[in-house]
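Here's the letter readout for the chains.
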Amino acid sequence: MLRCHALKMGQHQQVQPRDVPATPDGARTIYTFCRYCLASCGVEVSVEGNRVRKISADKQNPHSWRDFCAKGRTAAQLVEHPRRILAPMRRVGDRYVEATWEEAIADIATRLTGLIEADGPDAIAAYYGNPAGFSLSNLIFMNAWLDAVGTHNRYAVGSVDQNALHVVAEAMYGSAIMVPVSDIDNCDYFLLVGTNPAVSAWNWVESAPGGWQRALARQKQGAKIVVVDPLRTESADKADVHIAVRPGQDWALLLAMVKVILDERLEHRADCAQLATGMPALRQLLTEAELDDLTQRCGVPRPQIESTAREFATSRSAMAITRTGISLHVSGSVGEWLGHVLNVITGRMDRPGGRRFEPGYVDSLRLAAATKPPEHRSRLTGRTMVAGAHALSELPAEITTPGPGQIRALVINAGNPVVSGPDGAALDSALAQLDLLVAIDFVQRESHRHAHWLLPAVHWLERDDLLALTSNLHDEPYVQYGVRAVNPPATAREEWRIFVDLALAMDVPLFGIKGVNGFIRTSRRLARLTRRPTLEFTPHWINRIIVATSRKVNGHKLKWRELLANPHGMVLGPREYGHFAAALRTADKRVHIAPTELVARARELLAAAPSEAPPGYPFQIGNRRHRHSMNSFLNELPGLHPGGKGSVVLIHPADAAALGIGDGDPVRVYSPVGEIEANASLSDRPRRGVIVIDHGWGSRIFDPHTGSAPQSFGVNRNLLIDAEPVDPLSQTPAMNSTYVGVARRGAGPTVAEPSPPPALSPRNRT
């Protein structure tokens, strides 16, 4: 049955969606969706004039409002940020001056063209962050411009925390974006590894609105929740069992569970024989693994591993969920793979209470395959792209190392890589050496301090968006057209238009297709001559094509008018099973349970000695999620952290006592590549030997208008992370398992060796 909500028809912007008529005081209500994360929460925006008065959850949205948080509620603070860049700004000496768009595009295009003529297209590079990923028009036209330029130097934030998922999906299922979603409402056993859904709201490269509350509801009906994390998180507080695994050793725990299940013949034999291929190779790997060795590596007692494996395999329904916490290590790809292996061998794929494939209304797998950039190996390391981008850890050397293909110009599109990625000091130094650095953003952040041009972006409250590219990542078939709530500043420009204008000015063919530029120029002339703006080629045309060519969902074919008539969004039917096998993109249409590269990497990990702290660096650094924090994006908004406490070093009281550190004491945290300072916060939440410093803080917000002192919130813990080594498959550094030292500020680098704690035992439900 089609669930939808319709409102009266009226006028709004180009596509004429509907909003609530103005109240006597002139306020209007706009219904749209938040574009800060995959949850895509439906929001209700109260607007007066051209200013946002209030943002609240749209409780008429049938799908996505239940995880509404302070990030969406305070979105207008970024729109009205006192240091917002409102017009293109060019660096002149040590200051910035405003310029026209014509001047900006002409200068940037001329300089880029000159670099290409001198050194080839790979002299140009681009990096994009999370915000770009939640704008359909941004992603499409950024890649269209990169294809036009012909550069292979493309970098994305995924190599920091997400690539392991794409590596595994490509190897096992044949597509980097084939991500099974969770059937929470029918699950009897939740194995949650490296995830904290009480805070993250079951949201990563998957969206299950209200997922944690739904899991807790299942728990009240008898389901069991097991959380695997070195930190006793908010989710662990509510779980039946918390397993305090050693950082970076999730793979050992999961491999041990797989071994127990197959050795005891607890597998789902039909799926292992019919759905999967490669079981002999997996079994051979298991003969080379010893349970006692894996137990030592992960720091979890063998009886607990065995009982957890048996419970998972024999539960009526179950799912293993692997998230960010498992990916942020040099063993992340193997850990991610083994989580999927657990689901496959126990018959949890495409069955109630397990993981299923949601085809959505857009065939995203087909679209991704059609738009995949050509294969390329990086100049210095020879590593391949993952999900269409090279690793951020490689960027500094690619800028500073002379030779053919050296990067001399970089466009940063909605990103802050100096704070998001490893060894930010090295990247900051490299950015200062570029011939041209262009930043597209709302404010001048840490990564933009050497920028030659600052180009003002448009906020999601100021643009229209179709929820399309994530269609198969929602846990039910869902669509929404998000309209703008307010108009952008007259001198700001949507990102897609910046890339189109650059391609036209550089005379390079958008999408790498001859004739496209001429078509766009003609459409612009027609729109101008006829005074009909809709004649200009814009993302609106692409939105219409996507809807017109969308697949039927539950026999229903989406229509554009129907989409606009339902501003709260539409659930296109019930969740269905049976799509997983048909969606596989492997040549033989089977799950490759033991991809050669993942088995080989697992053997490397087994052959290596168990991880030990190097002399002088006895602690491993971890991370935690905050409900109102968003990576390196938004963390500088005061409304999201009203306490203003800044960053702290979370440390176990026993470890702190050994170092003579008290609660609130200022401490130094140091590694071979960097050092930071913050105050200690004593807590028994991390296991001994682990300290926790939140990721994504420490960016400065500059004021290019007046040159006044920058604003800063917290410290950048990623200055402690070396760019090497990396996971050879995902290319992610040890973001969450690097060894560091801790000392009270003013004291020398005192080393206290923490004793390993026992793993936490099962607790009663709370």
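Rules used in this analysis
- Residues numbered from 1 in each chain as written.
- Predicted model: local features only at pLDDT ≥ 70, side-chain atom pairs only at ≥ 80, totals over all residues.
- Heavy atoms only, no water.
- Core = buried A, V, L, I, M, F, W, Y, C linked by side-chain atoms within 4.5 Å.
- Buried < 20%, exposed > 50% of the residue type's maximum accessible area, 1.4 Å probe, protein only.
- Helix = DSSP H or I, 4+ residues; strand = E, 2+ residues; numbered from the N terminus.
- Domains from an automatic or database assignment.
- Contact = heavy atoms within 4.5 Å.
- Salt bridge = Lys/Arg side-chain N within 4 Å of Asp/Glu carboxyl O.
- Axes fitted to C-alpha atoms, helices over the stretch in contact; angles between N-to-C directions.
- Parallel < 35°, antiparallel > 145°, perpendicular 65-115°, else oblique.
- Left-handed = near helix turned anticlockwise from the far one by under 90°.
- Nonpolar A, V, L, I, M, F, W, Y, C, P; charged D, E, K, R; others polar.
- Buried area = accessible area lost by both parts, 1.4 Å probe.
- Polar contact = N/O pair within 3.5 Å; in protein donor to acceptor, adjacent residues only side chain to side chain.

Q: Explanation requested: the nonpolar core in the structure shown.
A: As a rule of thumb, soluble globular proteins bury nonpolar side chains together. Residues Val45, Trp145, Tyr361, Leu455, Leu461 and Leu466 are the most contacted members of the largest nonpolar core, which totals 88 residues. Among the elements that line this core, the one with the most residues is helix α5 (residues 136-149), at nine residues. Of the domains in this structure, domain 1 (89-160 + 362-456) and domain 3 (618-744) are the two that each give at least three residues to this core. Every residue in contact with Leu466, bar those within four places of it in the chain, is listed here: Leu136, Tyr361, Val479, Gln480, Tyr481, Asn543, Ile546, Val547 and Leu563.

Q: I keep staring at the pattern of salt bridges and nothing clicks. Help me out?
A: Under the definition given, this model contains 51 salt bridges. Taking the shortest distance from any N to any O, the salt bridge between Glu48 and Arg53 comes out at 3.0 Å. With a shortest N-O distance of 3.0 Å, Arg214 and Asp185 are connected by a salt bridge. Here Arg214, found in helix α9 (residues 211-220), pairs with Asp185, found in the loop between β9 (181-182) and β10 (189-193); they are 29 residues apart in sequence, far enough to count as distant. You can call Arg214 buried: its relative accessible area is 17%. Judged by relative accessible area, Asp185 falls into the partly exposed class, the value being 32%. What emerges from the salt-bridge pattern is a single network uniting Asp185, Arg214, Asp475, Glu476 and Arg575.

Q: Would you take a moment to explain the packing of α5 against helix α22 (residues 495-506) for this structure?
A: Describing two packed helices takes the angle between their axes plus the distance from one axis to the other. With their axes 8 Å apart at the nearest point, α5 and α22 run at an angle of 20 degrees to one another. Overall, the two elements α5 and α22 adopt an arrangement that is roughly parallel. Both α5 and α22 take part in a crossing whose hand is left-handed. Counted together, Ser137, Asn138, Phe141, Met142, Trp145 and Val149 of α5 and Glu495, Trp496, Phe499, Val500, Leu502, Ala503 and Met506 of α22 form the full contact between these two elements. Partitioned by chemical class, the residues of the contact of α5 with α22 number ten nonpolar, two polar and one charged.

Q: Mind showing me how you'd approach the domain arrangement of the protein here?
A: Where the parts come together, the accessible area they lose is often given as the size of the interface. According to the domain assignment, the protein consists of domain 1 (89-160 + 362-456), domain 2 (163-360 + 578-605) and domain 3 (618-744). Between the C-alpha centres of domain 2 and domain 3 the distance comes to 29 Å. Each side of the interface is counted separately: domain 2 has 29 residues, and domain 3 has 26 residues. Interface area for domain 2 against domain 3, summed over the two sides, is near 2,200 Å², with a carbon-plus-sulfur share of 54%. Viewed at the interface, domain 3 and domain 2 are joined by two salt bridges. At the boundary of domain 2 with domain 3, the tally comes to twelve residue pairs in polar contact (both at pLDDT 80 or more). Breaking the side of domain 2 that touches domain 3 down by element, the ones donating at least two residues are α7 (163-173), α8 (197-200), α10 (234-238), α17 (332-345) and α27 (596-607). Of the residues belonging to the side of domain 2 that touches domain 3, the class tally is 13 nonpolar, ten polar and six charged.

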